[in-house]
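Examining the three-dimensional arrangement
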Amino acid sequence: MPKLTINGQEIEVEPGTTIIQAAQVAGIEIPHYCYHPDLPVDGNCRMCLVEVERMPKLAISCATLATEGMVVHTNNDRVKESVRGVLEFLLVNHPVDCPVCDQAGECRLQDYYMVYGLHTSEIPLEMKVRKQKVVDLGPMVVLDQERCVLCSRCIRFFDHVTHTGEMQFFGRGDHVAIGTFENRPLDNPYSGNVVDICPVGALTSRDFRFKCRVWFLNSTDSVCGGCSTGCSMRIDHRDGTVFRLLPRRNPEVNKSWLCDEGRMSFHELAAGERVRRPMIKGRDGMQAPVVWEEAVRSVDSKLKEIRDNHGAGSILGFASPSATNEALFLFKQYMAGQVGVTRFEFRADSEDKSVTEQEDNILRRVDKHPNSMGAIKLGLVSKEFGGIEGAIESAREGKLRAGVIIYFKPLVRRPTDEEAESRVAELIRAVEYSVVLAAHKTDWLAEASVVLPVTAWSEENGSYTNYQGRVQLARRAVTPAGDMRPVWQVFALLLAVSGADISWSTAADVFESLTETEPAYRGITYDEARLPGALVADI
Amino acid sequence: MKKTPKVVNVADRAREEASVAKEILGPLVGMKLTLTRMVENMTGKVDPTIRYPEERRAYSDRYRGAHILTAREDGSPRCVACYMCATACPADCIYIEPGEHPDPLIEKYPTRFEIDMLRCVFCGFCVDACPEEAIIMSRETEICAFGRGETIWGIDRLMKRPELPEFGLGYRPNKELVDSRLAFVPKEKVQKRLAGRVTMKEDVEMIPHVTFDPLKESEKR
Amino acid sequence: MIKTLLMNIDEPDQVEIGRVRERGGYAALEKALRMEPAALIEEVKASGLRGRGGAGFPTGMKWSFVPKNSDKPTYLLCNADESEPGTFKDRKLMECDPHLLIEGMAIACYALDCHLSYIYLRGEFEFIAHTLQKALDEAYEAGILGPSVCGRDYALDIYLHLGQGAYICGEETSLIESLEGNRGYPRIKPPFPATHGFLASPTVVNNVETLCALPWIIANGSAAYAAMGTEKSKGTKLFSVSGHVAKPGVYEVEMGYPLMDFINNESGGVPNGRKLKAVIPGGSSVPVLRAEECEGVLLDYESLLKAGSMLGSGGMIVFDETVRMPEALSVIADFYAHESCGQCTPCREGTGWAAKILRNLIAGKGKRPDIDLLLKIADMMEGKTICPLADADVMPIRSFITKFRSEFEELCSN
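Keep in mind that what you see is a predicted model, and the values were worked out from it rather than measured.

1. Here we look at the overall build of chain B
A tally of regular secondary structure across chain B gives eight helices and five strands. Along its sequence from the N terminus, chain B presents helices and strands in the succession α-α-α-β-α-β-β-α-β-β-α-α-α. Residues classed as buried in chain B amount to 32% of the 221 residues present. Counting contacts in chain B only where the partners sit at least 6 residues apart, residues at least 24 apart contribute 69% of the total. Surface summary for chain B: the accessible area is close to 15000 Å², and the carbon and sulfur share equals 56%.

2. Considerations on the nonpolar core
If you look at the biggest cluster of nonpolar residues, it comprises 200 residues, and the most contacted ones within it are Ile178(A), Leu203(A), Leu437(A), Phe491(A), Trp353(C) and Phe400(C). Formed by 62 residues, the second largest nonpolar core is a distinct cluster that contains Leu100(C), Ala108(C), Leu121(C) and Leu156(C).

3. Looking at the arrangement of the chains
In this assembly two pairs of chains touch, with chains A and C having more contacts than any other pair. Without any contact between them, chain B and chain C keep their closest C-alpha atoms 22 Å apart.

4. Some details on the sheet that holds strand S6 (residues 135-136) of chain A
Residue and element names in this part refer to chain A. The three strands lie next to each other as S6-S7-S10, forming an open sheet whose pairing is antiparallel. Of all strands in the sheet, those with a lone pairing partner are S6 and strand S10 (203-205), marking the two edges. Summarising the sheet, strand S7 (residues 141-143) and S10 pair through three bridges and their orientation is antiparallel. Note on S10: the bridge partner recorded for valine 141 is serine 205.

5. Here's the deal with the side chain of Thr236(C)
Residue and element names in this part refer to chain C. Turning to its location among the elements, threonine 236 is positioned in strand S5 (residues 236-243). Given the relative accessible area of 0%, threonine 236 is considered buried. Within the structure, threonine 236 has its side chain in polar contact with the side chain of threonine 4 (distance 2.9 Å). Excluding residues within four positions of it along the chain, threonine 236 makes contact with Ile2, Thr4, Leu5, Arg52, Tyr225, Met228, Glu252, Val253, Glu254 and Met255.

6. Digging into the sheet that holds strand S23 (residues 534-535) of chain A
Residue and element names in this part refer to chain A. One open sheet accounts for three strands, arranged S21-S22-S23; its pairing is antiparallel. The open sheet terminates on both sides in strands that have one partner only, identified here as strand S21 (462-465) and S23. Relative to strand S22 (residues 470-474), S21 is paired through four bridges, and the arrangement is antiparallel. Opposite glycine 462, over in S22, you have alanine 474 as the bridge partner.

7. A closer look at the interface of chain B and chain A
Many structure descriptions define interface size as the accessible area lost when the parts assemble. Counting residues at the interface gives 15 residues for chain B and 14 residues for chain A. Counting every contact that joins chain B to chain A gives four salt bridges. Note that Glu107(B) is salt-bridged to Arg147(A), the shortest N-O span being 3.1 Å. Taken together, the links from chain B to chain A amount to five residue pairs in polar contact (both at pLDDT 80 or more). Those elements that provide at least two residues to the side of chain B that touches chain A are helix H4 (84-88) and strand S2 (94-100) of chain B. With three residues, S2(B) is the largest single contributor of residues to the side of chain B that touches chain A. Among the residues forming the side of chain B that touches chain A, the class breakdown is nine nonpolar, two polar and four charged.

8. Comments concerning the packing of aromatic side chains
The full count for this structure, using the stated rule, is 26 aromatic pairs over all chains. Ring centres of Phe216(A) and Tyr83(B) lie 6.1 Å apart, and the angle between their planes is 70 degrees; on these two criteria the pair is classed as edge-to-face. Highlighted residues: Phe216(A) in the loop between S10 and strand S11 (218-223) and Tyr83(B) in the loop between strand S1 (67-69) and H4, drawn from two different chains. Pair check on accessibility: Phe216(A) and Tyr83(B) agree, each one buried. Relative to Tyr225(C), the ring of Trp216(C) has its centre 6.2 Å away and its plane inclined at 55 degrees; by these criteria the two rings are tilted. Tyr225(C) carries the same exposure label as Trp216(C), and that label is buried. Connected via pairs of aromatic rings, a cluster forms that spans Phe331(A), Tyr334(A), Phe344(A) and Phe491(A).

9. Comments concerning a nonpolar patch on the surface
A cluster of nonpolar side chains, namely Val20(B), Ile24(B), Leu25(B), Leu28(B) and Val29(B), defines an oily patch on the protein surface of about 500 Å² accessible area. Given the relative accessible area of 43%, Leu28(B) is considered partly exposed.

10. Points about the domain arrangement of chain A
By the assigned domains, chain A splits into domain 1 (3-88) and domain 2 (279-461 + 477-531). Each of domain 1 of chain A and domain 2 of chain A has a C-alpha centre, and the two are 52 Å apart.

Procedures and definitions
Residues numbered from 1 in each chain as written. Chains lettered and ligands numbered in written order. Predicted model: local features only at pLDDT ≥ 70, side-chain atom pairs only at ≥ 80, totals over all residues. Heavy atoms only, no water. Helix = DSSP H or I, 4+ residues; strand = E, 2+ residues; numbered from the N terminus. Buried < 20%, exposed > 50% of the residue type's maximum accessible area, 1.4 Å probe, protein only. Contact = heavy atoms within 4.5 Å. Areas by Shrake-Rupley, 256 points an atom, 1.4 Å probe, with all protein chains shown as cover. Core = buried A, V, L, I, M, F, W, Y, C linked by side-chain atoms within 4.5 Å. Pairing = 2+ DSSP bridges. Polar contact = N/O pair within 3.5 Å; in protein donor to acceptor, adjacent residues only side chain to side chain. Salt bridge = Lys/Arg side-chain N within 4 Å of Asp/Glu carboxyl O. Nonpolar A, V, L, I, M, F, W, Y, C, P; charged D, E, K, R; others polar. Phe/Tyr/Trp six-rings, centres within 6.5 Å; stacked < 30°, edge-to-face > 60°. Patch = residues over 30% accessible without salt bridge, like charges linked within 9 Å, V, L, I, M, F, W, Y side chains within 5 Å. Domains from an automatic or database assignment.

Laid out in structure tokens, this is it:
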């Protein structure tokens, strides 16, 4: 374990650590462009030069291994002069695009200039090298060759992460520009990541282009609701509108990457109408809006009536694998604990779909729901009833009379979704009494006996359990207009009405209860469930 | 030795010193300043009153009045929707919606640019913040409306200002701004100097006066 | 003076292997094949031969860096990418005595236990490729190359690879990248080519002249070679002299030969009665020397370093009094801007910027502060790059401006 001194601070690091990583451990920031913790080292920007005692020339800290007894200086005059020099060189041919560039506010050139530069430009505008601007590289990415600092992060991403090698340098000297081979379009399902890793505004997002200046945005930590991988991400939003999703670095789950579908998944939420008020179907067969109190009481009494008359086996609890752990926990507490239901399901698509099966060998998984593992760990599946098909048949035979269904439409679409949704619709039609908790209006929702409006992903605090069994927190970013409640709150109300002793006021309280009650989740704290998330017990 | 005070009978003294001349001229002497001023005012030698709207106060070169969006040679707004003004505005009164400009060298332009003139505090931060000299202010202060809807000024209202020659350009940090950046060709500034007028208000520059005869103007139209 | 490299230059038809054999060519190879490879390396070390491409690194020591017990094959790459402005000595060797190069390569390969070797030839030398390839074919036919070199149990294949016109590919790691089929971008060192070179295997890159020196050394012994030259610069060196001299060309002289003698005698002196103004002794990448500074300077690594320049590749350029130094510098700066690979920031931007400023200057549009700006750019580029191309631009800029500043100032308006 080599010990080295950086700026007078002595630290011990693992063998094989480079100086820049060691500095990070010590809390010292070394400016850099081409270095990225999840990409191979390239050492071409020359920004991370530091002084290492007994080395005649400055060394690049991203490629120099920390050795025992090394003494490093990152902020003495010689290093500061060198950083300022490299910055001045980078800005020599850089276009004065800040007013129109989307990267403004989160641009490494701007940030480093304010700290290390603050020099006056000594090159007239006419002398700057001109290259192509506003090049459509693909559906997700816009390229501006003039802004590029040629750090090669995008090239290394496509070479070493997706192994597709779409981007390359063309030309020589100060006319080098990045681009795709033969200007072919970039249709890689991970192309959005180069927008994140580009330190300047050369690669920008087509979807986010010009929508909002970044300093107006608020960031909320969350987890992707697209598939069971559960990539850590953050939601950037302003005044109730989500503008973009960015990855958070989680070495255990998604490193620094997101797939394009997950990145665009927030558009699904805005598409389609929302259910805004609780509705109960009256004697005339038409749904009428009611207040929550009335809806909840009606549901509780009706469910218990059916249970008393036909037995607990005539009620089905159909959870959604997109609901949060807290929601599923209280769902179980109410349905099993208060009503006595024993029959649970959560899969509307194919029954044998694996939670862990990969769709490609990078991030995506076949199961397009974020919390299937949560439903499994909480025991919300009873295999002996033949899945949803069995439930529908059972309902047609008259054995199944009621169903409480939580339904969220998937944020990442696949051709099989329609079929899955139609099965849920059939189930609702088949039973006598159906309570549906939904966020978006569907054409079959009018046939349910009771409709309870709920908040969807990004609109509530909660946690999800990914395919690894890792619990991660997703925080609320936006609040939709209407009388929706988080799913967990609906069941808290039902529990209260049913006479249970409850004391939860926030999702965090429910989480605490969950970790105390459920054996798989025992011992996990809220703090642990932030980055990188905590693993549940193997049960 | 203690001096005994002299006793004066003021009534007696008054009677002794009084005269008709003193009775008449005394008040006049005391009111010399007042009467002088009265004469000056009446003859028009001194005229501190600005008879608005026929006469208007001349504002300084950097007066912060109503905003103007400057134009390129082809008449389109110079603004690139960078949001510096909207961010700098302390009253949060600028609303911009950006659009993609077909020319890659310009790239961005505002499809909507609105200033809520009722929220605006005319601080001029927007002009300071603008990197493109796209927004400046004029010396126009007469911005009234018949309803609240009219108080939100869009791009058209901010660019086309036929009445501008009367008021003149105001706050712009860069003095080399050329008139060609306006969305119209300004007429020659109307300058009229009222002869023989002297002002007592040194803090106000009375030159140039601008006169505006409402009857004459309506005849022109 | 004993010639170790250009001894056959005046003989006609030296590209024919029959003629080469007649005068005793490939005898050194036969002798080498009878020695142990380790002994060969020691012999080269003892001769004091230093790399003739410009860096001057002791060749024997470079060879000894190759790990002996690697499970990967060793490669020897011949750096025939001669692109340093003013240098045309390797070209002479390859055009007139290609078999000398093949013999030298074979000796080196045998010493390094290398069985596959490449000649990386500069793209613009396509006309030499024919000559070299013909020589290679003859060598194969004669059994000098192939599965059994000279009948021994040693297989050697040498291939000729043509570059595409990039000065940067003369840098050894860039050469290796280009040979692997990638863009010619230099690699960051460590790791060094001796352990991780071509195809991540131990690789030695040697200049043409260095390899051509080997046959004489093996044939006549390292002591004879070390007897020539100075204490630290042994043997002989080729100098390609151009510019304002009566007899431009390639000449071989012993190390330590006086510079002025070389210009006045071998090169015929400055013609037309003009005076000498400046000399660039070793290719455009080394600092220029004023005429007065050339007095007493010897042509070896140490003496030139002491004089404030470097031996470099031995590409000597002679300027007489008619040369306008700013224009000469602009030509040189244009070269580096054109040849910069663009990988790392200081060189990519700095060389281009400096070239533009100089072009402005000689067009009369420059200002006084531009001269100091050029020096500042030179300071900002130096020592911060992956490869020394930036430093190679810094040397001429700094030396020209410092030593001939008045000429630059004359061109400026204020």
